[in-house]
Amino acid sequence: MGDLVIGARSGAGEPEGQGRRADRSAESAASSASAEDAAAQTADGRSGAGSEDPSDSSHAEPEPADGTESETAPKPRKQRSFWKELPILVGIALILALVIKTFFVQAFSIPSESMQNTLQVGDRVLVDKLTPWFGAEPERGEVVVFHDPGGWLNDEPTPQSSNSFLRGVQDVLSFVGLMPSANEKDLIKRVIAVGGDTVECEGEGPVKVNGVALDEPYVYQGNTPCGDHPFGPVKVPKDRIWVMGDHRANSLDSRFHMDQPGGGTVPVDNVIGRAFVVAWPVNHWSTLSVPDTFDQKGLAAAAPLAPPVAGAVGAVALLPLVRRVRGRVERLQES
């Protein structure tokens, strides 16, 4: 019998040996390693594109070689010249002055000697125009500026400059309240009595309001309280005032217009406002406060006494009725 050969096949190549299997395993491992390296490099490239290392200056944008700023930087605004802004500033100042004159404070000039020595000719006073807007009415002792109620200044000339340029400047400044107006006929006096008061002055005085004598240290030295024109008694109508100048011998005030409508009194609606300070000249600066004589007790006693007196009269009239009701209640309780 011959020997048996195992694994022999017709047409087949030579069988693989141990060395050939090792070579193929090494090639397969090398190709796998190359694929992993390529994938790792691709992943690193993607992550590096999203987050760059700030310390790496190789990727920073190059600065301009001449040291100038980038063209995209905002340019500073060019400031307006002073001469272009000046008309705007002047316009704003004029508008503010006009508003102040209309609603708050206005300057007035003293044209005559009727308020000496409290006010001198040429003094500039500031008048409060705000409080009348809130319903405040003139009070005794205040120095007020008011429109001519009619016929008080018929013979008074209107003071104006002969220079046309100066007149134009005065008109502009008076329009905005920086200068007194030369065209308006206004007066300035002291309020002595208000609506409901009774005022009088006999002989050489003193002036009496509701029967109370006034001590008037503001009266011009050498004048008597009545001046040369005693008056009264006068009952001041409601919503009107009785006014007098401090220079009693040189003031055409309420005393000299008693034959006109209102009996010499001035409507409250004609009052522009209260003069509260002498603003010019500087050496005449002073405040115009209400003298203490107008704070006397009993000066306005007529009005406050009316309600208590009426109450007392009513209580006396009701006394019999109260007694009858009390008697009936007592009888009912006894029964």
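Small disclaimer: the values here were computed from a predicted structure and weren't measured.

How each quantity is defined
- Residues numbered from 1 in each chain as written.
- Predicted model: local features only at pLDDT ≥ 70, side-chain atom pairs only at ≥ 80, totals over all residues.
- Heavy atoms only, no water.
- Helix = DSSP H or I, 4+ residues; strand = E, 2+ residues; numbered from the N terminus.
- Buried < 20%, exposed > 50% of the residue type's maximum accessible area, 1.4 Å probe, protein only.
- Contact = heavy atoms within 4.5 Å.
- Areas by Shrake-Rupley, 256 points an atom, 1.4 Å probe, with all protein chains shown as cover.
- Core = buried A, V, L, I, M, F, W, Y, C linked by side-chain atoms within 4.5 Å.
- Salt bridge = Lys/Arg side-chain N within 4 Å of Asp/Glu carboxyl O.

A. Structural context of the overall build of the chain. Assigned secondary structure in the chain consists of 4 helices and 12 strands. Across the 335 residues that make up the chain, the buried fraction comes to 27%. By sequence separation, contacts in the chain at least 24 residues apart represent 71% of the contacts at least 6 residues apart. Counting every atom, the chain has about 23,300 Å² of accessible surface; 56% of that belongs to carbon and sulfur.

B. Seen up close, the nonpolar core. Counting 18 residues, the largest nonpolar core has Ile192, Val199, Val207, Leu214, Phe231 and Trp242 as the members making the most contacts within it. Not counting chain neighbours up to four residues away, the residues in contact with Phe231 comprise Val199, Glu200, Cys201, Trp242, Met244, Arg255 and Met258. Ranked by size, the runner-up nonpolar core spans 13 residues in total, among them Val127, Ile188, Ala275 and Val278.

C. Fine view of the pattern of salt bridges. Considering all chains together, one arrives at 5 salt bridges under this definition. In this structure, the salt-bridge partner of Glu142 is Arg274, at a minimum N-O distance of 4.0 Å. Taken together, the residues Glu142 in the loop between β2 (124–128) and β3 (143–147) and Arg274 in strand β11 (residues 271–280) connect sequence positions 132 residues apart. On the basis of relative accessible area, Glu142 is assigned to the buried category, the value being 11%. Among the ionic pairs, Arg255 bridges to Asp253, the shortest N-O distance being 2.8 Å. For the pair Arg255 and Asp253, one class covers both residues: buried.

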